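Inside the fold
Given next are the chains, with one letter for each unit.
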Amino acid sequence: MQANGPLLHASEVTLVYQGKRGDITALEDLSLEVQDGEFVSVLGPSGCGKSTFLKIAAGLVPPSKGRVELAGKVIEKPSPEVGVVFQKANLLPWKTVLENVLVAARSLGLDMAAARKTADEYLALVGLETFAANYPNELSGGMQQRVGLVRGLVHDPSVLLMDEPFAALDAMTREQMTLELQKLWMTTEKSVLFITHSIPEAVFLSDRIVVLSERPGSVVMDLPVTLPRPRSFETLSEKAFNDICNRLRAHFSSFMAGG
Ligand SMILES: Nc1ncnc2c1ncn2[C@@H]1O[C@H](COP(=O)(O)OP(=O)(O)OP(=O)(O)O)[C@@H](O)[C@H]1O
Ligand SMILES: [Mg+2]
């Protein structure tokens, strides 16, 4: 998708939840940009509004104030241009891998032959080409999450929104998935907005890291990561990599100490 300016552009987004015991301001004047093809991670304390922001950007929740634009157009409802991957794959147990992957394409009314072709291609990219006819209970957690990833990509969105997609995985699978996501991103040249609680994961994957304040969330740091690509397990032991991690750790520890 061609865009003049950033592909995804959030301007002064505020979201107030009306709860039974009063209003909760989850986000306040949050502004951020993701350029075409860029990988941006969002780090921030628990409850600062990260998932809330993702739901707004996905067109699932309207902001109380401000707006999120995709290629200059305000996002008001779920769109084929936006793919979403959540923390849990939440696959439909009665549908096969392939049917699960095609659910979003079907509900968006897309060309199913084209979606099917993309599905085959992406399932192969994540090593699941022989599992298309299997059911979710026949897959491991990591394999299910890969299916969730393909489901988010199959309608060929220009931006992929990911909310802690690897949080439920064991540490080894998580490292493997991080490498696979980098490969998928480098192959497809999509823009990614990636929410995580893991500093090393954010540094490993990102072109840029946006750090949010405590609730109500707004941007307190915007850090470029210029490490060369492709990054590999060796990257994890490089000084430049660890310097960035330590800078982020220092930010969060001073903040947790109340500084
Ligand atoms: N549907 C809702 N109704 C009322 N309050 C909500 C709702 N969803 C979230 N909140 C509140 O909004 C705030 C932000 O929640 P959100 O889930 O966006 O945080 P988060 O940054 O994703 O947290 P975590 O890192 O733990 O996933 C929290 O205080 C939460 O209690
Ligand atoms: Mg969350």
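Just above sits the structure.
So, how was this worked out
- Residues numbered from 1 in each chain as written.
- Chains lettered and ligands numbered in written order.
- Predicted model: local features only at pLDDT ≥ 70, side-chain atom pairs only at ≥ 80, totals over all residues.
- Pairing = 2+ DSSP bridges.
- Helix = DSSP H or I, 4+ residues; strand = E, 2+ residues; numbered from the N terminus.
- Axes fitted to C-alpha atoms, helices over the stretch in contact; angles between N-to-C directions.
- Buried ≥ 20, exposed ≤ 12 C-beta atoms within 10 Å, placed from the backbone.
- Right-handed = clockwise from strand over helix to strand, strands pointing away.

**Some points on the sheet that holds strand β3 (residues 39–43)**
- As summarised here, the arrangement of the six strands in space is β6-β7-β8-β3-β9-β10, forming an open sheet in which the pairing is mixed. Single-partner strands in this sheet number two, and they are β6 (82–85) and β10 (219–224). Within the sheet, the average angular offset between the axes of one strand and its neighbour, ignoring direction, is 15 degrees.
- When β6 meets strand β7 (residues 159–163), the two strands line up parallel, connected through four bridges. Note that in β7 the partner of Gly 83 across the bridge is Leu 160.

**Some details on the pairing of strand β8 (residues 191–195)**
- With five of its five residues buried, β8 lies for the most part within the structure.
- Side chains Ser 191, Leu 193 and Ile 195 project from β8 onto one buried face, and the interleaved Val 192 and Phe 194 project onto a second face that is buried too.
- One ladder, built from four bridges, connects β3 with β8; its direction is parallel. Directly across from Ser 41, in β8, lies its bridge partner Phe 194.
- Relative to β8, β7 runs parallel, the two being bridged by five bridges. Within the sheet, the bridge partner assigned to Met 162 lies in β8 and is Phe 194.
- For the crossover from β7 across helix α6 (residues 171–188) to β8, the handedness is right-handed.

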